[in-house]
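# Inside the fold
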Amino acid sequence: MEKLRGSFTALVTPMTEDGAVDYESWRNLIRHQLEGGITGLVPLGTTGETPTLDENEEEVRMIGILMEEVRSFEKKQNRNIPVILGASSNNTKDAVVYVSRAKEAGADYALVVTPYYNKPSDEGIYRHFEAVSRCGLPVIVYNIAGRTGKNISTDLLERIAALPNIAGVKEASGSMMQIMEVIERIARKRPDFSVLSGDDMLTLPAMAAGGDGVISVVSNLAPERVSALVNCLLDGDIARARELHYALAPMFRAAFVDGNPASIKYAMQRKGLLSGKLRLPLVEVHDKAKAVIEQAMRDCGLL
């Protein structure tokens, strides 16, 4: 299994003013990312508002457009673009269906989050990943206790990582201690296991500690700059990476000032990339948040 390294965008889902999926803007967003030098794409994750999308119509059409654009770009540029397709559910049977769908669509990986709301035991989480691993597509485990209510401990992740087709982890626990434990106890012993930061602000320390990249929200807005940051870290140029990190730090904070993806969608609206529309239960950011986001964009030279 080839090791996954680089900058990967957790794509938003553009919507029209009446709340329909904006497929033209979706195509343009994908092209914007590819032309911006991003390593790979992560569609249909939390940032993409997947719980509100119709899986049999909207998601299928979005996947088709994305794979068409990626394959066309790969052919023109002679460069592989990994696609990590969101394939999560708190129903294991459905998660297996989504991972199988990702495989059939030609995705390179599936992103599978800890089962949420159910709050299963460690054994239940292990069996969930055991089931999806049998689909035959490399899986990125997504650990984000803030959304799921359950942290995947390093002990548990060690068990999961020993399963076939477990390719890495999107680590969004928010704990550098945990990220370093994962690198020390799993990635350093298994060279093909990828540790990707799930938090833009922690990309620098996570990669300096031995991580492999980031699944980024801010790269929706600034793919060139997030890509440059990650490439410097991969090349070992910590001094330059530090400059790039702090130049983007205001946006890393502002991207979550009033929730995700509402905050980044507002920033993208101000940049003229999409409408910024969301689907309930998500709503537009409040006025104070708008001011914070706009100031961050100015501070970062994005507005």
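Residues numbered from 1 in each chain as written. Predicted model: local features only at pLDDT ≥ 70, side-chain atom pairs only at ≥ 80, totals over all residues. Heavy atoms only, no water.

Bringing the packing of aromatic side chains into the picture now. Scanning the model with the defined rule gives zero aromatic pairs in all. A cation over a ring is seen here: Arg-61 above Tyr-23, with NZ or CZ 3.8 Å from the ring centre. (Phe/Tyr/Trp six-rings, centres within 6.5 Å; stacked < 30°, edge-to-face > 60°. Lys NZ or Arg CZ within 6 Å of the ring centre and 35° of its normal.)

Another point: the pairing of strand β8 (residues 213-216). For a regular strand, the rule is simple: side chains alternate between the two faces of the sheet. Both faces of β8 are covered, namely the face carrying Gly-213 and Ile-215 and the face carrying Val-214 and Ser-216. In this sheet, β8 lies alongside strand β1 (residues 6-10) in parallel orientation, the contact comprising four bridges. Residue pairing for β8: Gly-6 is matched across the bridge by Gly-213. Pairing of strand β7 (residues 194-197) with β8 involves two bridges; the strand directions are parallel. (Buried < 20%, exposed > 50% of the residue type's maximum accessible area, 1.4 Å probe, protein only. Helix = DSSP H or I, 4+ residues; strand = E, 2+ residues; numbered from the N terminus. Pairing = 2+ DSSP bridges.)

The next point concerns the UniProt feature "active site" (unreviewed entry) in the protein. Residues annotated in UniProt with the feature "active site" (unreviewed entry) correspond here to Tyr-142 and Lys-170. For the annotated residues, spread through 29 residues, the largest C-alpha to C-alpha distance comes to 4.7 Å, consistent with a single compact locus. Overall, the relative accessible area of 6% leaves Tyr-142 in the buried class. Residue placement: Lys-170 occurs in strand β6 (residues 166-171). Note on Lys-170: relative accessible area 6%, which makes it buried. Among all residues touching Lys-170, those that are not within four sequence positions of it are Leu-111, Ile-140, Val-141, Tyr-142, Asn-143, Leu-196, Gly-198 and Ile-215. (UniProt positions renumbered as here; feature names shortened; annotations may be inferred. Contact = heavy atoms within 4.5 Å.)

The subject of this paragraph is the UniProt feature "binding site: pyruvate" (unreviewed entry) in the protein. Under the UniProt annotation, the feature "binding site: pyruvate" (unreviewed entry) is placed at Thr-47 and Ile-215. Annotated residues spanning 169 residues; largest pairwise C-alpha distance 10.7 Å, indicating a single compact cluster. Here Thr-47 is to be found in the loop between β2 (40-42) and α2 (58-77). A residue is classified by how much of its surface remains accessible, and Thr-47, at 6% relative accessible area, is buried.

A few words on the packing of helix α1 (residues 23-35) against α2. The N-to-C vectors of α1 and α2 enclose an angle of 35 degrees; their axes lie 10 Å apart at closest approach. Both α1 and α2 take part in a crossing whose hand is right-handed. Residues Tyr-23, Trp-26, Arg-27, Ile-30, Arg-31, Leu-34 and Glu-35 of α1 form the contact with α2, whose participating residues are Glu-58, Arg-61, Met-62, Ile-65, Leu-66, Glu-68, Glu-69, Val-70 and Phe-73. Residues belonging to the contact of α1 with α2 are distributed by class as follows: nine nonpolar, no polar and seven charged. (Axes fitted to C-alpha atoms, helices over the stretch in contact; angles between N-to-C directions. Left-handed = near helix turned anticlockwise from the far one by under 90°. Nonpolar A, V, L, I, M, F, W, Y, C, P; charged D, E, K, R; others polar.)

Our focus in this paragraph is the packing of helix α10 (residues 238-254) against helix α12 (residues 287-299). Their axes nearest at 8 Å, the elements α10 and α12 cross at an angle of 165 degrees. Our classification of the angle between α10 and α12 gives roughly antiparallel. The hand of the α10/α12 crossing is left-handed. Note on element contacts: α12 touches α10 through Val-292, Ile-293, Ala-296, Met-297 and Asp-299, opposite Pro-250, Met-251 and Ala-254. For the contact of α10 with α12, the class distribution of residues is seven nonpolar, no polar and one charged. (Parallel < 35°, antiparallel > 145°, perpendicular 65-115°, else oblique.)

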